[in-house]
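Fold and geometry: a report
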Amino acid sequence: MNARGLRGVVAAVAALALTTLTAACGGSGGDSKAGTAPAEVRLGFFPNITHATALVGVEKGLFAKHLGSGTTLKTSTFNAGPAAIEAVFSGAIDATYVGPNPAINAWSKSKGKAIKIVAGAASGGVFLVVKPGITTPEQLKGKKIATPQLGNTQDVALRYWLTEKGLKTDTKGGGDVHIVPQENSQTIQTFATGDIDGAWVPEPFASRLIKESGGKVLVDERDLWPNKQFVITHLIVRQEFLKEHPDTVRKLIEAHVEANALIKSDPAGAARTANAALEKLTGKPLKPEVLDSAFKNITFTDDPIASSLVGSAEHATKVGLLDPVDLNGIYDLKILNEVLAAKGQPAISDK
């Protein structure tokens, strides 16, 4: 399928999802009157260290504490952003931690009706890890490079970087560099066996490729952004859920801010907490050296670094995975800034 066809399919899926979006938004089991607490909040996130805000918040019971006894927290995990956005569109979840490009796609395909970004979560923690013999972009020609999913944040970043280096790709895995979308857990295996030559992946998978299979960093994505800062994870909510349950969203954000504050005050303890959560989700904890490396590569922040979202949209457009989109209105940081103000912290800009 070419890029035009891919956009058409995504648009069709989004259009179909939006015909039932209003009905699906009532699926959380809550009262439809604005401000009342739903019986259940369904929160999505990834089993990645870049989603440690969610991992720590869930494992420490922060979300459950802030939501209170009248609202049950139900969590769902995803391998990559497009799958999480499908769950948002279908009404299967109310809020999710996700990367920039899936959020942009959700905004674009729903014509600004599906989601709002309500807080930042993390910056950095993404690398292109390759076999030791690869030391230049030119040596990637003819090689297989994995990303978590077609159209996800890392997939777009890789395609854009390759384009900037004069290397062509397509959505079928052809071109100068063969991009292979696969789950991150699978990438660990295929890199070890030599079935792929590298991967553009988030933590902890980047550190695992390095520590467990001798991979080398060819690109630290931080080096591609102003001040080495770019959004890798932020928190989004369904617009209807925000409209119907603003007090519940406030509680989610309060828990979110508390989780990030805990990570900042005790990064070593937070890393252990996140690892305990990963063990429950995946059946296996990270090795200490991988955990330490991954945590050091990420900055956890409530700031969504809005300027980098614009850059991500431009990159996706340039590689043919997104039509030009106006992102005006995608942020709603009002509640976040109220929560921060109550703690004596400065407001965060959506510019």
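Coordinates for the structure precede this section.
Here goes a summary of the coordinates provided. None of the values given here were measured: they were computed from a predicted structure. (Residues numbered from 1 in each chain as written. Predicted model: local features only at pLDDT ≥ 70, side-chain atom pairs only at ≥ 80, totals over all residues. Heavy atoms only, no water.)

1. Considerations on the nonpolar core
In terms of nonpolar packing, the biggest core is built from 93 residues, with Ile49, Leu140 and Phe295 touching the most fellow members. Per-element accounting of this core gives the leading share, seven residues, to helix H11 (residues 246-265). With sequence-adjacent residues up to four places away left out, phenylalanine 295 is seen in contact with Ile49, Ala52, Ile263, Pro267, Ala270, Ala271, Ala274 and Phe300. Grouped together as the second largest cluster of nonpolar side chains are eleven residues, Phe127, Phe191, Ile196 and Leu209 included. (Core = buried A, V, L, I, M, F, W, Y, C linked by side-chain atoms within 4.5 Å. Buried < 20%, exposed > 50% of the residue type's maximum accessible area, 1.4 Å probe, protein only. Helix = DSSP H or I, 4+ residues; strand = E, 2+ residues; numbered from the N terminus. Contact = heavy atoms within 4.5 Å.)

2. Overview of unusual backbone geometry
With the exception of glycine, most residues fall at negative phi, and the peptide bonds are largely trans. Backbone torsion omega between glutamate 203 and proline 204 reads 10°, so that peptide bond is classified as cis. Inspection of the secondary structure assignment puts proline 204 in the loop between strand E8 (198-202) and helix H9 (205-213). Backbone geometry at lysine 228 places phi at a positive 60°, although glycine is not the residue there.

3. Regarding the sheet that holds strand E2 (residues 72-77)
If you trace the six strands from one edge of the open sheet to the other, you get E2-E1-E3-E10-E4-E11, paired in mixed fashion. At either end of the open sheet lies a strand with only one pairing partner, and these are E2 and strand E11 (298-300). The mean angle between the axes of side-by-side strands here comes to 25°, regardless of whether they run parallel or antiparallel. The sheet contact formed by strand E1 (residues 40-45) and strand E3 (residues 95-98) spans two bridges and is parallel. Bridge assignment links glycine 44 to a residue of E3, and that residue is threonine 96. Sheet strands touched by helix H3 (residues 52-59): E1, E2, E3, strand E4 (115-124) and E11. Its angle to E1, the strand with the most contacts, is close to 140°. (Pairing = 2+ DSSP bridges. Axes fitted to C-alpha atoms, helices over the stretch in contact; angles between N-to-C directions.)

4. Observations regarding the packing of aromatic side chains
Per the stated rule, a full pass over the model turns up three aromatic pairs. With a centroid separation of 5.7 Å and 15° between ring planes, the pair formed by tryptophan 225 and phenylalanine 230 is classed as stacked. For phenylalanine 230, a relative accessible area of 2% gives the class buried. Taking 5.3 Å as the distance between ring centres and 40° as the angle between the ring planes, the aromatic pair formed by phenylalanine 295 and phenylalanine 300 counts as tilted. Here the two residues phenylalanine 295 and phenylalanine 300 agree in accessibility, since each one is buried. Here the basic side chain of lysine 131 rests over the ring of phenylalanine 191, its NZ or CZ set 3.9 Å away from the ring centre. (Phe/Tyr/Trp six-rings, centres within 6.5 Å; stacked < 30°, edge-to-face > 60°. Lys NZ or Arg CZ within 6 Å of the ring centre and 35° of its normal.)

5. Some points on the side chain of histidine 256
If you trace the backbone, histidine 256 turns up in helix H11. According to the relative accessible area criterion, histidine 256 is buried, its value standing at 0%. Reaching out from histidine 256, the side chain makes a polar contact with the side chain of aspartate 302 at a distance of 3.5 Å. Other than its neighbours up to four places away in sequence, histidine 256 contacts Thr53, Phe63, Tyr97, Ala119, Gly120, Ala121, Leu235 and Asp302. (Polar contact = N/O pair within 3.5 Å; in protein donor to acceptor, adjacent residues only side chain to side chain.)

6. What to know about the packing of H9 against helix H13 (residues 288-296)
Closest axis-to-axis distance for the H9/H13 pair is 9 Å, and the angle between their directions is 140°. In terms of axis orientation, H9 runs oblique to H13. The interaxial crossing formed by H9 with H13 has right-handed handedness. Every residue of H13 that contacts H9 at Ser207, Arg208, Lys211 and Glu212 is listed here: Glu289, Val290, Ser293 and Ala294. Taken together, the residues of the contact of H9 with H13 sort by class into two nonpolar, two polar and four charged. (Parallel < 35°, antiparallel > 145°, perpendicular 65-115°, else oblique. Left-handed = near helix turned anticlockwise from the far one by under 90°. Nonpolar A, V, L, I, M, F, W, Y, C, P; charged D, E, K, R; others polar.)

7. Topic: the pattern of salt bridges
All chains considered together, the criterion is met by twelve salt bridges. Residue aspartate 94 pairs with arginine 42 through a salt bridge whose shortest N-O separation is 2.7 Å. With aspartate 94 in the loop between helix H5 (81-90) and E3 and arginine 42 in strand E1, this pair connects stretches of sequence that are 52 residues apart. Note on accessibility: aspartate 94 and arginine 42 belong to one class, buried. Close ionic contact of glutamate 59 with lysine 280 constitutes a salt bridge, the shortest N to O distance being 2.9 Å. With glutamate 59 in helix H3 and lysine 280 in helix H12 (residues 267-282), this residue pair connects regions lying 221 residues apart in the sequence. Among the charged side chains, a network of salt bridges with common partners joins Arg42, Asp94 and Arg238. (Salt bridge = Lys/Arg side-chain N within 4 Å of Asp/Glu carboxyl O.)

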